[in-house]
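Results of the structural survey
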Amino acid sequence: MVAWADVERAEPEFAARVRRLFDAGRHKTIATLRADGSPRISGIECEFADGELTFGSMPGARKGADLRRDPRFALHGPTVHPVAGKEAEWPGEAKIAGQAVPAGPAGEGAAGEMFAADISEVAITRLNPDATLLVIESWTPRRGLRVVERE
């Protein structure tokens with residue numbers, strides 16, 4: 001399993017920027033797969049703590065059922081739009097993909113369930129300093145950090 005601590009150890013500066021982007025707002029978006037294989041997106045909150053990225057599902061929520069059936073997910077941090085004329089100041093967007101690993105109940109009683117992320121990819125999409133190119137930084141445990149610029 002690749003935990004958030006593994007990303008921090010491998011690329012501390014990149015991981016810190018991803019974390020800042022995720023911490024910029026409370027609500028994130030998660031993509032899961034329905035039983036028929038079609039995508040489902042849902043609002044979600046997540047937490048970085050003790051070297052893990054965790055998120056929960058309320059009792060009876062479809063995203064929890066999706067993750068129990070097929071643990072693959074993509075998590076998108078809060079979106080901040082570039083300001084016209086100040087595009088170079090846009091902080092970008094962060095995404096994390098992987099598999100959800102059951103991590104027990106969310107609190108006491110039937111309060112839902114928690115999942116820990118087994119991370120397969122972490123990415124930041126941003127603009128270059130001149131705001132003329134899109135910059136995609138992505139990290140995987142196998143290949144490490146890669147940076148691609150495109151128009």
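Not measured: the values here are computed from a predicted model.

**Notes on the packing of aromatic side chains**
Considering all chains together, one arrives at four aromatic pairs under this definition. Seen in terms of ring centroids, Phe22 and Phe48 are 5.8 Å apart; in terms of plane orientation they differ by 80°. Their pairing is edge-to-face. Of this pair, Phe22 sits in helix α2 (residues 12–22) while Phe48 sits in strand β3 (residues 46–49), placing them 26 residues apart in sequence. Pair check on accessibility: Phe22 and Phe48 agree, each one buried. Through pairs of rings, three or more aromatic residues link up here, namely Trp4, Phe22 and Phe48.

**Considering unusual backbone geometry**
Even without glycine at this site, Asp50 takes up a positive phi of about 55°. We note that Ala131 has phi near 60°; this positive angle belongs to a residue other than glycine. With respect to the helices and strands, Ala131 occurs in the loop between β7 (113–127) and β8 (134–140). By relative accessible area, which is 28% here, Ala131 ends up partly exposed.

**Section: the environment of Ile41**
Looking at the element boundaries, Ile41 is found in strand β2 (residues 39–44). On the accessibility criterion, Ile41 (64% relative accessible area) is exposed. Considered as a pair, Ile41 and Arg62 are 21 residues apart in the sequence and their alpha carbons are 10 Å apart. Beyond its immediate chain neighbours, meaning those up to four positions away, Ile41 contacts Thr29, Ile30 and Ala31.

**Details of the pattern of salt bridges**
As a working rule, side chains carrying opposite charge can pair if their charged atoms are close by. All chains considered together, the criterion is met by 10 salt bridges. Salt-bridge contacts for Arg72 lead to Asp70; the nearest nitrogen and oxygen are separated by 2.7 Å. Linked by salt bridges that have partners in common, Glu13, Arg17, Arg126 and Glu137 make up one network.

**Concerning the side chain of Lys63**
Take Lys63: it is sitting in helix α3 (residues 62–69). Look at Lys63: it is buried, it has no salt bridge, and the nearest opposite charge is Glu45 at 8.9 Å. Among residues more than four places away in sequence, those in contact with Lys63 are Ile30, Thr32, Ser42, Gly43, Ile44, Gly56 and Ser57.

**Description of the pairing of strand β4 (residues 52–57)**
Pairing of β3 with β4, which is carried by four bridges, proceeds in the antiparallel orientation. The residue of β4 that forms the bridge with Ala49 is Glu52. Where β3 folds back onto β4 in an antiparallel hairpin, the turn is made up of two residues, including Asp50, whose phi is positive at roughly 55°. Relative to β7, β4 runs antiparallel, the two sharing four bridges. Considered in β7, the bridge of Phe55 is made with Phe115.

**A few points about the nonpolar core**
Counting 26 residues, the largest nonpolar core has Trp4, Val18, Phe55, Ile96, Ile119 and Val122 as the members making the most contacts within it. The set of elements that each furnish at least two residues to this core consists of α1 (4–10), α2, β3, β4, β5 (72–76), β6 (93–105) and β7. Filtering out sequence-adjacent residues up to four positions away, Phe55 remains in contact with Ile30, Ile44, Glu45, Cys46, Leu67, Phe73, Ala100, Glu113, Met114, Phe115 and Ala117.

Reading the values: the criteria
- Residues numbered from 1 in each chain as written.
- Predicted model: local features only at pLDDT ≥ 70, side-chain atom pairs only at ≥ 80, totals over all residues.
- Heavy atoms only, no water.
- Phe/Tyr/Trp six-rings, centres within 6.5 Å; stacked < 30°, edge-to-face > 60°.
- Helix = DSSP H or I, 4+ residues; strand = E, 2+ residues; numbered from the N terminus.
- Buried < 20%, exposed > 50% of the residue type's maximum accessible area, 1.4 Å probe, protein only.
- Contact = heavy atoms within 4.5 Å.
- Salt bridge = Lys/Arg side-chain N within 4 Å of Asp/Glu carboxyl O.
- Lys, Arg positive; Asp, Glu negative; His and termini not counted.
- Pairing = 2+ DSSP bridges.
- Core = buried A, V, L, I, M, F, W, Y, C linked by side-chain atoms within 4.5 Å.

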